Amino acid sequence: MKKMMMAALAALMLPAATWAQEEESENGLYAELEANVVTNYIWHGQNLGGLSLQPSLTVGWNDLSLNVWGSAGIATDDHREIDFSLGYELGNLSINVTDYWYLGAGESDKFFNYAAHSTYHTLEASVGYDFGFMSLGWSTYFGGNDYDDEGKREYTSYIQADVPFTIGSFEGTASVGATPWGSAVYEANRFMVCEAAVALSKEIQITPSFAVTASGKVAVNPATEDTFFVFGLGF
């Protein structure tokens, strides 16, 4: 899954080898194309895949944008995901509606299957606000694959706080995320912290037009008592 509410909340500071290209016109139209590589696909304290390629394409007009984001494990039996997100920014406030389509290892489904209780799609609404010194976000599933064992919708939700910082030439983010109530997605039956993480990245300029980015993230999931270290190298 991909995380949304602002760019930082959407990516959740996953370290990555990144290539990006942006074009903007005078009438407010713009396009962005990115490609990321991560050693592990970690989302909200969960390990969703191994070494992964994660492309992203965004087209927008002024404060309105449409993003298509994907993730595919390098191993042939790993995960596959594609997400569509419609976003709007009003100053420091961002609002997103996202359609996640995630297939784990060994799972298969037709993309246009939106049937209740059998679809692999999950629909989410999210809101975020950037205070400068800290950003906060809240997201809630409102449709698709979000049922408990009794077939009742869980309205799975996630809240996250990100605090940016700098150490020398490194850019960093400290983040904490939690589910406010029980959810099978996060293996929780009450409020629980799902991820506490610190991420660092450094851009190394090789030539005036080429840079290498090294980044890393250490994350702990207190709910499942799991921990992760993700590394990325950009060319």
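Looking only at helices and strands, the protein has one helix and 15 strands in total. Put simply, the protein has 235 residues, and 41% of those count as buried. For the protein, the proportion of contacts with a sequence separation of at least 24, taken over those separated by at least 6, is 42%. A total accessible area of about 12,200 Å² is found for the protein, and carbon and sulfur atoms account for 62% of it.

Bringing the pairing of strand β9 (residues 121–130) into the picture now. Regular strands show a simple pattern: their side chains alternate between the two faces of the sheet. Examined bridge by bridge, strand β8 (residues 93–103) and β9 share nine bridges and lie antiparallel to one another. Bridge pairing links Ile95 to Val127 in β9. Pairing geometry for β9 and strand β10 (residues 135–144), over nine bridges, is antiparallel. For Asp130, the partnering residue across the bridge sits in β10 and is Ser135. Adjacent in sequence and paired antiparallel, β9 and β10 are bridged by four residues, among which Gly132 carries a positive phi angle near 95 degrees.

With that settled, the discussion passes to the side chain of Glu154. Summarising the element assignment, Glu154 is placed in the loop between β10 and β11 (157–167). The buried charged residue Glu154 lacks any salt bridge, with Arg153 as its nearest oppositely charged partner at 8.7 Å. The contacts of Glu154, once residues within four sequence positions are left out, are Asp146, Tyr147, Asp148, Trp181, Gly182, Ser183, Ala184 and Val185.

Looking now at unusual backbone geometry. Here His44, not a glycine, exhibits a phi torsion of approximately 55 degrees, which is positive. Position of His44 among the secondary structure elements: in the loop between β3 (41–43) and β4 (46–49).

When we look at a pair of aromatic rings, we describe it by the centre distance and by the angle of the planes. Counted according to the given criterion, the structure contains 11 aromatic pairs. Seen from their ring centres, Tyr41 and Trp69 are 5.8 Å apart, and the 50 degrees between their planes marks the pair as tilted. Of the two residues, Tyr41 sits in strand β3 while Trp69 sits in strand β6 (residues 64–73), which places them 28 residues apart along the sequence. On the accessibility criterion, Tyr41 (0% relative accessible area) is buried. By relative accessible area, Trp69 is classed as buried at 4%. These aromatic residues form a ring-pair network of at least three members: Trp43, Tyr100, Tyr141, Tyr158 and Tyr186. Lying over the aromatic face of Phe170, Lys202 brings its terminal NZ or CZ to 5.4 Å of the ring centre.

A word on the pairing of strand β14 (residues 210–221). Relative to β14, strand β13 (residues 192–207) runs antiparallel, the two being bridged by 11 bridges. Residue pairing across strands places Ala199 opposite Lys217, the latter belonging to β14. Sheet topology note: the β14/strand β15 (residues 226–233) ladder contains eight bridges and is antiparallel. From the neighbouring strand, Ala214 faces β15, where its bridge partner is Leu233. In textbook terms, the turn of a hairpin is the stretch between consecutive antiparallel strands, and for β14 and β15 this stretch comprises four residues, one of which, Glu225, has a positive phi near 55 degrees.

Take the environment of Ser118 next. For Ser118, the position within the fold is in the loop between β8 and β9. Take Ser118: its relative accessible area is 36%, and that puts it in the partly exposed class. It is 7.3 Å that separates the C-alpha atoms of Ser118 and Asn145, two residues lying 27 residues apart in sequence. Residue contacts for Ser118: discarding those within four places in its chain leaves Asp109 and Asn113.

Calculation notes
As a convention, each chain's residues are numbered from 1 in the sequence order in which they are written. Given that this is a predicted model, residues contribute local features only at a pLDDT of at least 70 and side-chain atom pairs are listed and counted only at 80 or more, while totals for whole chains, interfaces and linings are drawn from all residues. As a rule here, side-chain values come from all non-hydrogen atoms in the structure, and water together with hydrogens is ignored. We count a stretch as a helix when DSSP gives it H or I for four or more residues in a row; a strand needs E for two or more, and each element gets its number in order from the N terminus. For each residue, the accessible area found with a 1.4 Å probe, counting protein chains only, is set against the maximum for its type, and the residue is called buried under 20%, exposed over 50%, and partly exposed in between. It only takes one pair of heavy atoms within 4.5 Å for two residues to be counted as in contact. Computed with a 1.4 Å probe, the accessible areas rest on the Shrake-Rupley method; for each residue, only the protein chains presented here act as cover. The pairing criterion for strands is at least two bridges between them, as found by DSSP. When charges are tallied, Lys and Arg are placed among the positive residues and Asp and Glu among the negative ones, while His and the ends of the chain are skipped. The rule for a salt bridge is simple: a side-chain nitrogen of Lys or Arg has to be within 4 Å of a carboxyl oxygen of Asp or Glu. A pair of Phe, Tyr and Trp rings is counted when the ring centres sit within 6.5 Å of each other, with Trp represented by its six-membered ring. The angle between the planes then sorts it: under 30 degrees is stacked, over 60 is edge-to-face, the rest tilted. By definition, being over a ring means that NZ of Lys or CZ of Arg is both within 6 Å of the ring centre and within 35 degrees of the ring normal.

In short, shape yes, function no, at least from these values alone.
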